[in-house]
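Coordinates in review
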Amino acid sequence: MYVEPADAPKRKPVTVPGLRAMKARREKIAMLTCYDASFAAQMEAAGIDVALVGDSLGMVVQGQASTLPVTLDQMVYHVSLVARGLATTLLIADLPFMQFRDPATALAAAMRLMAEGGAAMVKLEGGSDWTCEVIAALASRDVPVCAHLGLTPQSVHKLGGYRMQGKTEDAAARLRAEARAVAHAGAELLVLESVPAALAGDITRDLPIPTIGIGAGADCDGQVLVSYDMLGITPGRRPKFSKDFLEGRGSVREAFAAYAEDVRAGRFPGPEQIAA
Ligand code: KIV
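A few points on the structure. (Residues numbered from 1 in each chain as written. Predicted model: local features only at pLDDT ≥ 70, side-chain atom pairs only at ≥ 80, totals over all residues. Heavy atoms only, no water.)

**Focus on the pairing of strand 7 (residues 211-214)**
By the alternation rule, side chains of strand 7 split into Thr211 and Gly213 and Ile212 and Ile214, which are all buried. Pairing between strand 6 (residues 189-193) and strand 7: 4 bridges, direction parallel. Pairing of Leu192 across the sheet is with Gly213, part of strand 7. Following the backbone out of strand 6, through helix 9 (residues 197-206) and into the adjacent parallel strand 7, one traces a crossover that is right-handed. With 2 bridges joining them, strand 7 and strand 8 (residues 222-225) adopt parallel strand pairing. By the bridge assignment, Gly213 is partnered in strand 8 with Gln223. (Buried < 20%, exposed > 50% of the residue type's maximum accessible area, 1.4 Å probe, protein only. Helix = DSSP H or I, 4+ residues; strand = E, 2+ residues; numbered from the N terminus. Pairing = 2+ DSSP bridges. Right-handed = clockwise from strand over helix to strand, strands pointing away.)

**A word on the site of the ligand**
Every residue near the ligand is listed here: Thr33, Leu52, Gly54, Asp55, Ser56, Asp94, Lys123, His148, Ile214 and Val226. Note that an oxygen atom of the ligand is positioned 3.1 Å from one of the side-chain N or O atoms of Asp94. Out of a free accessible area of 260 Å², the ligand has 96% covered by protein chains. The class makeup of the residues in the shell around the ligand is 3 nonpolar, 4 polar and 3 charged. (Near = heavy atom within 4 Å. Polar contact = N/O pair within 3.5 Å; in protein donor to acceptor, adjacent residues only side chain to side chain. Areas by Shrake-Rupley, 256 points an atom, 1.4 Å probe, with all protein chains shown as cover. Nonpolar A, V, L, I, M, F, W, Y, C, P; charged D, E, K, R; others polar.)

**Quick look at the pairing of strand 2 (residues 50-53)**
Of the two faces of strand 2, the one lined by Val50 and Leu52 and the one lined by Ala51 and Val53 are each fully buried. Both strand 2 and strand 3 (residues 90-94) contribute to a ladder of 4 bridges, which runs parallel. Following the sheet pairing, Leu52 is matched in strand 3 by Ile92.

**Structural notes on the sheet that holds strand 8**
The strand order 1-2-3-4-5-6-7-8 describes a closed barrel built from 8 strands, whose pairing is parallel. Recorded for the sheet is a direction-independent mean angle of 25° between the axes of neighbouring strands. Each of strand 5 (145-150) and strand 6 touches helix 8 (residues 169-185); the most contacted strand, strand 5, lies at about 175° to it. (Axes fitted to C-alpha atoms, helices over the stretch in contact; angles between N-to-C directions. Contact = heavy atoms within 4.5 Å.)

**A short note on the pattern of salt bridges**
Inspection of the entire model under this criterion finds 14 salt bridges. In this structure, the salt-bridge partner of Lys123 is Asp94, at a minimum N-O distance of 2.7 Å. Here Asp94 lies in strand 3 and Lys123 lies in strand 4 (residues 121-125), a separation of 29 residues in the sequence. Grouping residues by exposure puts Lys123 and Asp94 together as buried. One connected set of salt bridges, linked through shared partners, spans Lys243, Glu261, Asp262 and Arg267. (Salt bridge = Lys/Arg side-chain N within 4 Å of Asp/Glu carboxyl O.)

**Some details on the nonpolar core**
The biggest cluster of nonpolar side chains holds 89 residues, and the ones touching the most others in it are Leu138, Leu190 and Tyr259. Not counting chain neighbours up to four residues away, the residues in contact with Tyr259 comprise Ala30, Met31, Leu32, Ile48, Gln223, Val224, Leu225, Met230, Phe245 and Phe268. (Core = buried A, V, L, I, M, F, W, Y, C linked by side-chain atoms within 4.5 Å.)

**A word on the packing of helix 8 against helix 9**
The geometry of helix 8 relative to helix 9 is characterised by a closest axis approach of 10 Å and an angle of 25° between their N-to-C directions. By the angle class used here, helix 8 and helix 9 are roughly parallel. For the pair helix 8 and helix 9, the crossing hand works out as right-handed. The segment helix 8 lies against helix 9, with Ala172, Leu175, Arg176, Ala179 and Arg180 engaging Leu199, Asp202, Ile203 and Asp206. (Parallel < 35°, antiparallel > 145°, perpendicular 65-115°, else oblique. Left-handed = near helix turned anticlockwise from the far one by under 90°.)

**Re helix 5 (residues 103-117)**
Its 15 residues place the ends of helix 5 20 Å apart at the C-alpha level, agreeing with the 21 Å of an ideal helix rising 1.5 Å per residue. Residues of helix 5 that are buried: Thr105, Ala106, Ala109, Ala110, Leu113 and Gly117. Relative to the axis of helix 5, the buried residues are bounded by an arc of 125° and lie together on one face. Facing away from the buried side of helix 5 by more than 90 degrees, the exposed set consists of Ala104, Met111 and Ala115. Where helix 5 is buried, its residues meet helix 4 (72-85), strand 3, strand 4 and helix 6 (129-140). Gly118 sits one or two residues past helix 5 and shows a positive phi near 100°. (Expected span 1.5 Å × (residues − 1). Arc of directions from axis to C-beta.)

This is the structure we're talking about:
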C-alpha cells in the first residue's frame, strides 16, 4: 500500500475525464512506464500523471527480445504491484499480444487487468477495422481505452524492426485515418510512437482526445518514456528519442520529478530527442 511521504505534494487523483480536461487547458500530461510498487511510489511522490504498465516489461524486466512473450497473468501481477504504490497517479495497463484479438477475449482480459490488477484504463495496439471493433466493445462496457499507433511493438515482425512509421505520404494518411477511427470508436487516449513530429502535431490538433508521444516530437498533449530508458538502466543503447534524467541528479524520485517538469514546461522532448 502507498505510504505518503511527509513532503509529498497534495493533489487530486488524475482521472480519465481529467485527461481530456488537461488537453483543453493545454496542460501537458507526464506519463512513464512502471512495473513495481517501489517505482510506483516514487512516481506518485514525483507527481507523474499516468503510470503505464507496458508490455515493454518483457524487454526491460524479463530480458526478452520482444514484447510478444508477455502473458496476461504476468501483466495482472505487475499491474497489481504498481497499483499498491499509487494513490493519485492514473494507472494504465497494456493488453498483451493476442489478448485483444476479438471483443470477448479483450473484455475478459480487461476485466482481469482492472478488477484483479487495479488498472483504470487498458491500452491496445493498432487502428485497423477489427481493432476499432474491439475498442468500441470495450468502450461500450465503460472500459476506458488508450489506443497505440505508429510503431506498435507487438507488430515488430510485420514491420521488420523497431522503425519510425508514417514517413511516406501514404503511410501518414493511413495513420491520420487510423487516429480518427480509434477516437471515433471510443478511445480516450492515444499513444503515438516513433512517428514524424509534424504528423504527430497534426493528429494532436485534429483529435478531441489527448495524444501521448514517444519519439513523436513536442506537439503531442503529453509524453511517455520507458522508465528504465530515462534512468539510463536499460542494457544496450538508449533510444535516440529518450534522455537520461538520472544523470546529475541524486535520486530516482528527482529524475522522475525533473522529467515531469520538463514535459510540463515543453522542454522535453527537445530538438535532439528525435526518433530514428
Ligand atoms: O509497452 C510500453 O511500455 C509501451 C510504451 C512504450 C508506450 O507501450
